[in-house]
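# Tertiary structure, described
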Amino acid sequence: MDSPVSGRPALFTLALAFAAGACSDVPDDTLDTDRPLTAEFVEVFRVGDMDPPDWAQFGTPPSLGFDDGGNLFVLNPDVPVVAVLNRDGGLVRTLGRRGEGPGEFSGPDDIYVWRDGAVAVADRGNGTYVVFAPDGSFERQVNMSAGNVADYGMMAFRSGARPDPDAVALVARGMSNVVQEMFRQIESPNRTIGPRGLERLTLGSTGTTAEPIVQAGEVRARAPGEEASGATDEPRRFDPALLFDVLPDGSVAYSDSAGYSIKLVTGDGAPIGTISRPINPEPVTPEVETTVRDSAMATFERLYGDPTNPQGPDQAPPEYMAQMVAQMRADIEGMQFNHEIPVVVSLRATWEGGLWVRRRREGDPWEGAVGVIDVWNPDGRYVGTLPPGDPPTPDAFGPDGLAAWVELDELDVPTIVVGRLPPGVR
């Protein structure tokens, strides 16, 4: 069977299972109740915990990615360098160094690893993607914007992008409307789909071009006569985020609503199907609104109500701080709310094409909920639900069950833990 995107032999993923109707015989009542699931994993190695080498001395949490050989790519933005580690944690090579020249980094922010070992580093410091070939050699430097105005390319950085397996390209959320307006003023329009849409970023020879994949749902109802834009010009507390990941065959899974509904589309945006569970969002009651406002105001008063606080008004010109403090207080008092608290907290695709869907449970904290993880296997079936935080969602999935997490100790010092997940949850 061919991939609907590229024509190459397709991996047997969640998306293709939907296309074949593999889930049509799953009774709805099997999804009503959590199926308890455990996932003991074997630790393989750690990086950064005891007398680490220079490249593994982490201050900022590193960015991670695996290739199909099981090599782990680690971007340490503080050094800055990319370390390539084999399956045993041994150093294979390093890529890049601090500088302004070809293959060097000024302010790296994220790393994207393709299965063949090609890698791109998002260097927001100079507004470019630095691309390395699978053998580790420097290949090219690509402006983050569509034009050649490198000084402004950093504004086009997309947080949370994912590698597109079909090409040296990325799948990302569209640029904010504010940034798009800036580009309209300084160079070619560089128009993208907007922050409530997903698009493919092709890393060309000099610049980055965007092709729309899908427009996600609006987070608020439009006023009469208002044009659809995907803008969130009036952000509300509990607005559902646009969460997504890319499956091994290039299809995309995303969540854009408060309910438990994960939509799947091909790499070109054609609908494939939806996975869901009958878990309803918690309503935002007046009591919830009051509690959230009171908590925000208490934090505000702790930081800015005492002039002797190091973060308080005596650290800036009084007229500036008075203005800022008044605006912050007004923002809290006028806080707007979505009518529901989103169920889905995060969404990640596994190496083999399943999904890990982290969701809040009723009674979980409204902000920062650890929640539980629902595991869906590559043929689109609900496997079960992992207990809270055991294990947490990996920062990177790899072949043969490899997975990597960034752990923070009590001083927020990062350590990388690499383990192997059992077959049932891959």
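Presented here is an overview of the structure given in this document. This structure is a prediction, so every number in the text was calculated from the model and none was measured.

The rules we used
- Residues numbered from 1 in each chain as written.
- Predicted model: local features only at pLDDT ≥ 70, side-chain atom pairs only at ≥ 80, totals over all residues.
- Heavy atoms only, no water.
- Helix = DSSP H or I, 4+ residues; strand = E, 2+ residues; numbered from the N terminus.
- Expected span 1.5 Å × (residues − 1).
- Buried < 20%, exposed > 50% of the residue type's maximum accessible area, 1.4 Å probe, protein only.
- Arc of directions from axis to C-beta.
- Pairing = 2+ DSSP bridges.
- Axes fitted to C-alpha atoms, helices over the stretch in contact; angles between N-to-C directions.
- Phe/Tyr/Trp six-rings, centres within 6.5 Å; stacked < 30°, edge-to-face > 60°.
- Salt bridge = Lys/Arg side-chain N within 4 Å of Asp/Glu carboxyl O.
- Polar contact = N/O pair within 3.5 Å; in protein donor to acceptor, adjacent residues only side chain to side chain.

## Concerning unusual backbone geometry
- The amide bond that connects Val-79 to the next residue, Pro-80, takes the cis arrangement and shows omega of -15°.
- Mapped onto the elements, Pro-80 comes out in the loop between strand S3 (72-76) and strand S4 (81-85).
- Here the phi dihedral of Phe-238 falls at roughly 75°; this positive angle occurs in a residue that is not glycine.
- With respect to the helices and strands, the residue Phe-238 is situated in the loop between strand S13 (208-215) and strand S14 (243-246).
- Non-glycine residue Asp-412 carries a positive phi angle of around 65°.

## Some remarks on helix H3 (residues 286-304)
- When the terminal C-alpha atoms of H3 are compared, their 27 Å separation across 19 residues agrees well with the 27 Å that a helix rising 1.5 Å per residue should span.
- The set of residues buried in H3 consists of Val-288, Val-292, Ala-296, Met-297, Phe-300, Leu-303 and Tyr-304. Buried residues along H3 cover an arc of 160° about the axis, so they all sit on one side. In H3, those exposed residues whose orientation departs by more than 90 degrees from the buried face are Pro-286, Glu-287 and Arg-302.

## Here we look at the sheet that holds strand S15 (residues 252-255)
- Strands sit in the order S14-S15-S16-S17 across an open sheet of four strands; the sheet is antiparallel. A single partner strand is all that each edge strand has here, and the edge strands are S14 and strand S17 (271-276). If you compare each strand with its neighbour and ignore which way they point, the axes differ by 20° on average.

## Looking at the sheet that holds strand S25 (residues 402-408)
- An order of S1-S26-S25-S24 is seen for the four strands of this open sheet, with the pairing classed as antiparallel. Among the strands making up the open sheet, the edge pair consists of strand S1 (42-47) and strand S24 (396-397).
- Of the pairings in the sheet, the one linking S24 to S25 comprises two bridges and is antiparallel in character. In the strand pairing of S25, Phe-397 is matched with Ala-403.

## As for the packing of aromatic side chains
- Per the counting criterion, the structure on display carries eight aromatic pairs.
- Ring geometry for Tyr-260 against Trp-376: centres 6.5 Å apart, planes inclined by 50°, an arrangement best described as tilted. Residue Tyr-260 is found in the loop between S15 and strand S16 (261-265), and its partner Trp-376 is found in strand S22 (residues 372-376); the two are separated by 116 residues along the sequence.
- Geometrically, the ring pair formed by Trp-356 and Phe-397 is edge-to-face, given 5.3 Å between the ring centres and 80° between the ring planes.

## Description of the pattern of salt bridges
- Considering all chains together, one arrives at 21 salt bridges under this definition.
- One salt bridge in this structure joins Asp-374 and Arg-277, with 3.2 Å as the shortest N-O distance. Of this pair, Asp-374 sits in strand S22 while Arg-277 sits in the loop between S17 and strand S18 (282-283), and the two are 97 residues apart along the sequence.
- Residue classification places Arg-277 among the buried residues on the basis of a relative accessible area of 4%.
- The shortest N-O distance in the salt bridge between Arg-381 and Asp-379 comes to 3.9 Å.
- Of the residues examined, Arg-381 reaches a relative accessible area of 31% and is grouped as partly exposed.

## Structural notes on the side chain of Ser-251
- Mapped onto the elements, Ser-251 comes out in the loop between S14 and S15.
- Reaching out from Ser-251, the side chain makes a polar contact with the side chain of Asp-249 at a distance of 2.6 Å.

## Considerations on the pairing of S3
- Counting buried residues along S3, five of its five residues qualify, which places the element largely inside the surrounding structure.
- Residues Leu-72, Val-74 and Asn-76 point to one face of S3 and Phe-73 and Leu-75 to the other, with burial holding for every one of them.
- Counted along the chain from strand S2 (residues 63-66) to the antiparallel partner S3, the turn is five residues long, and its residue Gly-70 has a positive phi close to 85°.
- With five bridges joining them, S3 and S4 adopt antiparallel strand pairing. From the neighbouring strand, Leu-75 faces S4, where its bridge partner is Val-82.
- Counted along the chain from S3 to the antiparallel partner S4, the turn is four residues long.

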